[in-house]
Amino acid sequence: KFLHAERDFVKSSPDHLYIERLEARFDTNFQVEINGEMKTINIGGFIDRVDKVGDRYRVIDYKSGKVSIEDVTIKVERGTTKLNFKTTRHALQLSFYALMFEETYGCFPDDILIVSLINSTGKYPFQSKQNHGIDEIAEAVKDFVKEIYTEMVDDSINFTHAKNANYCQYCR
């Protein structure tokens, strides 16, 4: 289904599609203030694919498992305008990709796609599932990282292992 969707996309686009990078290393860093002190947060990773279609860019991340809309949809915390990255599996990763892409290219990608090779329907833009633009999401992720970092260095918060944690190697 994915390959058919890609073929249809290429055929319907008036612009040529160029695959700019595959499995490419990207890095970025940004400053956050923690307890009155500036800290540098370094983020790095590999982006599966970067395309240029005309003057637009799209970032693609492939998943070998199933992906649902809920896995990439960022919800707004109840009673606030704050984006909640804790309730989604892949949106945080894709938001980091937006920051890393912006560091390298000087702009945010026009689309960030997550493609499940198992249950792809051909409709997978991360951005279209959001009520926020990629640039706003990327800025919000910085606040989220600051929140997590602040909790990590807060001596008043006790760390306990959660027995039902799916991703913690110490809790399984």
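Residues numbered from 1 in each chain as written. Predicted model: local features only at pLDDT ≥ 70, side-chain atom pairs only at ≥ 80, totals over all residues. Heavy atoms only, no water.

## With respect to the sheet that holds strand β3 (residues 56-63)
- Within the open sheet, the four strands sit side by side as β1-β2-β3-β6. Their pairing is mixed. Each of the sheet's edge strands pairs with one partner strand only, and the pair in question is β1 (17-34) and β6 (111-116). Here the strands of the sheet are splayed against their neighbours by 40° on average, with no regard to which way each runs.
- When strand β2 (residues 37-53) meets β3, the two strands line up antiparallel, connected through five bridges. When the sheet's bridge partners are listed, K52 is paired in β3 with Y57.
- The sheet contacts of helix α3 (residues 91-105) involve β1, β2, β3 and β6, and relative to β1 the element is tilted by about 100°.
- Each of β1, β2 and β6 touches helix α4 (residues 134-152); the most contacted strand, β1, lies at about 45° to it. (Pairing = 2+ DSSP bridges. Helix = DSSP H or I, 4+ residues; strand = E, 2+ residues; numbered from the N terminus. Axes fitted to C-alpha atoms, helices over the stretch in contact; angles between N-to-C directions. Contact = heavy atoms within 4.5 Å.)

## A few points about the packing of aromatic side chains
- Overall, the coordinates contain four aromatic pairs when judged by the stated rule.
- Consider the rings of F101 and Y105, whose centres lie 4.3 Å apart with planes at 5°: the pair is stacked. Of this pair, F101 and Y105 both sit in helix α3, four residues apart, roughly one helical turn.
- Directly above the ring of F26 sits R21, whose terminal nitrogen or CZ lies 4.5 Å from the centroid.
- The side chain of R25 reaches across the aromatic face of F46, ending 5.4 Å from its centre. (Phe/Tyr/Trp six-rings, centres within 6.5 Å; stacked < 30°, edge-to-face > 60°. Lys NZ or Arg CZ within 6 Å of the ring centre and 35° of its normal.)

## Some points on the nonpolar core
- Grouped together as the largest cluster of nonpolar side chains are 33 residues, with contacts concentrated most on F30, I47, V50, V59 and F85.
- Where this core is concerned, the elements lending two or more residues are β1, β2, β3, α3, β6 and α4.
- At eight residues, α3 tops the list of elements feeding residues into this core.
- Setting aside its immediate chain neighbours within four residues, I47 contacts L22, E23, A24, F26, V59, I60, Y97 and M100. (Core = buried A, V, L, I, M, F, W, Y, C linked by side-chain atoms within 4.5 Å. Buried < 20%, exposed > 50% of the residue type's maximum accessible area, 1.4 Å probe, protein only.)

## What about the pattern of salt bridges?
- Taken as a whole, this structure holds eleven salt bridges when the rule is applied.
- Among the ionic pairs, R7 bridges to D8, the shortest N-O distance being 3.3 Å. (Salt bridge = Lys/Arg side-chain N within 4 Å of Asp/Glu carboxyl O.)

## Things to note about the pairing of β3
- Most of β3 is tucked away, with six of its eight residues classed as buried.
- In sequence, β2 turns back onto β3 through a hairpin of two residues, with G54 there showing a positive phi of about 65°.

## Points about α3
- If you check α3, its first and last C-alpha atoms are 21 Å apart, about what 15 residues at 1.5 Å a residue would give, namely 21 Å.
- Along α3, the residues that are buried comprise A91, L94, S95, F96, Y97, A98, L99, M100 and F101.
- Looking at the buried side of α3, the elements it contacts are β1, β2, β3, α2 (69-72), β6 and α4.
- G106 occupies a position one or two residues after α3 and carries a positive phi of about 80°. (Expected span 1.5 Å × (residues − 1).)

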